[in-house]
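Here's the letter readout for the chains.
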Amino acid sequence: MRTDSKGPDSVGLSCYTENLAGYLSARAPDSPDLLARSVRLAVDPLTGGFSHHDRALNNLPGGRRLGYRGALAAETALTSIGTELSLHDRVLVVADSGALPWLSGAADNHAPHLIMVDGRTPDGNWHVVDGFTALFSGGGSQDPFSGEVSGAELTALLAFPRGQSTVHRMRNSLAFGFPVALPPQETYQWLVEEEGTTEEQLPGNSWLTGAAALEETARLLLADMDADGSRGVLEDVWAAAQHHMFRDAHLLAAAGAELSRAERETVDATTAKWRELPRMLRFAANSARRGRPRPSLVSGAFTALAELEAAASPLHAAHGYGVPTAWPTVASSYGRQER
């Protein structure tokens, strides 16, 4: 592995959307705006599924979309990734978050994580970009990375030899806001540009949004804490926090001069609550593992957050956040970067 002298700038999104943002930046210049305005939390009480966006972020300009592909054999996967790279100059691939060689320490677990492949070197290595950054509860951390990996290294960090769990399959499917079909082969996965659009419809009629979604998230989290934590609700809450802080930062940057002092304080209060929520919940989870559950701490945190979100909701709506916005009809042009 060779690390570039300067890594990418992180925009502070989740393990799916951070590098999706980098991919989309070459397809439409307004993609950060669309990402910010897409943020909303929807929760399905029947399946425990989470959707973080109110429009299908895999839908691309010009009536195209990103769709998953999979392979059992590494050679097939690398050949197909190379073909997609030659067509579009970049490819999103599904990596194992616990196998990334640029981690410092250890990740909390092994989970799907999108990274971007955006070039080949003359000697056959692959140039990869991962703008994601995080601190892990076990003391490990991840900083933004860009650099070269060999074919063997790329194969190792993409491999899920035992497939993926039900929870991870659901996250993969809903990573862009609405269900995307998953490939039958899960050992190696990547995304391709294809004709068509993803329907912006969540399955069933049980999905909750707004205060009800936050209340349901608290219930799911407490149930997960009472069990073995395998549902990983804390990870979904962390992703929601990153998305909502990104939304608020975008609002302040785009419209801050138009906001009154009271309106800016409303946004700041919501941001602060989202920022402190994952830390508070990890404390509650650690306490529960020691035999001291703190359900009132968890439910109280979500109640306070719901009140702040409700207070900020008219402001968000007035500035177009949570209001469906279409992609431009014409894709922006982009060219291959020389490596």
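Before reading further, recall that the structure is shown in the block above.
Rules used in this analysis
Residues numbered from 1 in each chain as written. Predicted model: local features only at pLDDT ≥ 70, side-chain atom pairs only at ≥ 80, totals over all residues. Heavy atoms only, no water. Core = buried A, V, L, I, M, F, W, Y, C linked by side-chain atoms within 4.5 Å. Buried < 20%, exposed > 50% of the residue type's maximum accessible area, 1.4 Å probe, protein only. Helix = DSSP H or I, 4+ residues; strand = E, 2+ residues; numbered from the N terminus. Contact = heavy atoms within 4.5 Å. Salt bridge = Lys/Arg side-chain N within 4 Å of Asp/Glu carboxyl O. Pairing = 2+ DSSP bridges. Axes fitted to C-alpha atoms, helices over the stretch in contact; angles between N-to-C directions.

**Student:** What am I meant to see in the nonpolar core here?
**Tutor:** As a rule of thumb, soluble globular proteins bury nonpolar side chains together. With 29 residues, the main nonpolar core has Leu20, Leu66, Tyr68, Leu92, Leu114, Phe176 and Leu191 as its most contacted residues. Only helix H1 (17-24), helix H2 (31-38), strand E5 (64-71), strand E6 (91-96), strand E7 (112-120) and helix H7 (233-255) provide two or more residues apiece to this core. With four residues, the single largest contributor to this core is H1. The contacts of Leu66, once residues within four sequence positions are left out, are Leu20, Tyr23, Asn58, Leu60, Leu92, Val180, Leu191, Val192 and Glu193. Counting residues in each nonpolar core, the second largest holds 28 residues, with Ala71, Val93, Leu100 and Leu103 among its members.

**Student:** Would you explain the pattern of salt bridges in this entry?
**Tutor:** Close approach of charged atoms allows side chains of opposite charge to pair. Applying the stated criterion to the full structure yields 18 salt bridges. Measuring nitrogen to oxygen at the nearest pair gives 2.9 Å for the salt bridge that ties Glu194 to Arg65. On the criterion of sequence distance, the pair formed by Glu194 in strand E12 (residues 188-195) and Arg65 in strand E5 is long-range, its members being 129 residues apart. Owing to a relative accessible area of 16%, Glu194 belongs among the buried residues under this scheme. Residue classification places Arg65 among the partly exposed residues on the basis of a relative accessible area of 24%. A salt bridge links Glu194 to Arg69, with the nearest nitrogen and oxygen atoms 2.7 Å apart. A residue pair is termed long-range when its members are at least 10 positions apart, and Glu194 in strand E12 and Arg69 in strand E5 qualify at 125 residues. If you follow the salt bridges from partner to partner, you end up with Arg27, Arg64, Glu193 and Glu195 in one network.

**Student:** Please explain the sheet that holds E7 as it appears in this structure.
**Tutor:** Within a sheet, neighbouring strands are paired by backbone hydrogen bonds and run either parallel or antiparallel to one another. Spatial strand order, E1-E11-E8-E7-E6-E12-E5-E4: eight strands in an open sheet with antiparallel pairing. Only two strands of the sheet have a single partner each, and these edge strands are strand E1 (2-3) and strand E4 (59-60). Pairing of E1 with strand E11 (residues 145-149), which is carried by two bridges, proceeds in the antiparallel orientation. By the bridge assignment, Thr3 is partnered in E11 with Gly147. Across the sheet, helix H4 (residues 151-158) lies against E6, E7, strand E8 (126-130), E11 and E12, angled at about 65° from E6, the strand it touches most.

**Student:** Looking at this structure, I do not really get H1. What am I missing?
**Tutor:** Helical geometry note: an α-helix holds 3.6 residues per turn, so side chains three or four residues apart project in the same direction. Buried residues dominate H1, accounting for seven of its eight residues. For H1, the complete set of buried residues consists of Thr17, Glu18, Asn19, Leu20, Ala21, Tyr23 and Leu24.

**Student:** Is there a simple way to explain helix H5 (residues 166-174) in this structure?
**Tutor:** Buried within H5 are the following residues: Val167, His168, Arg171, Asn172, Ser173 and Leu174. Among the structural elements, strand E3 (50-53), E5, E7, E12 and H7 are those in contact with the buried residues of H5.

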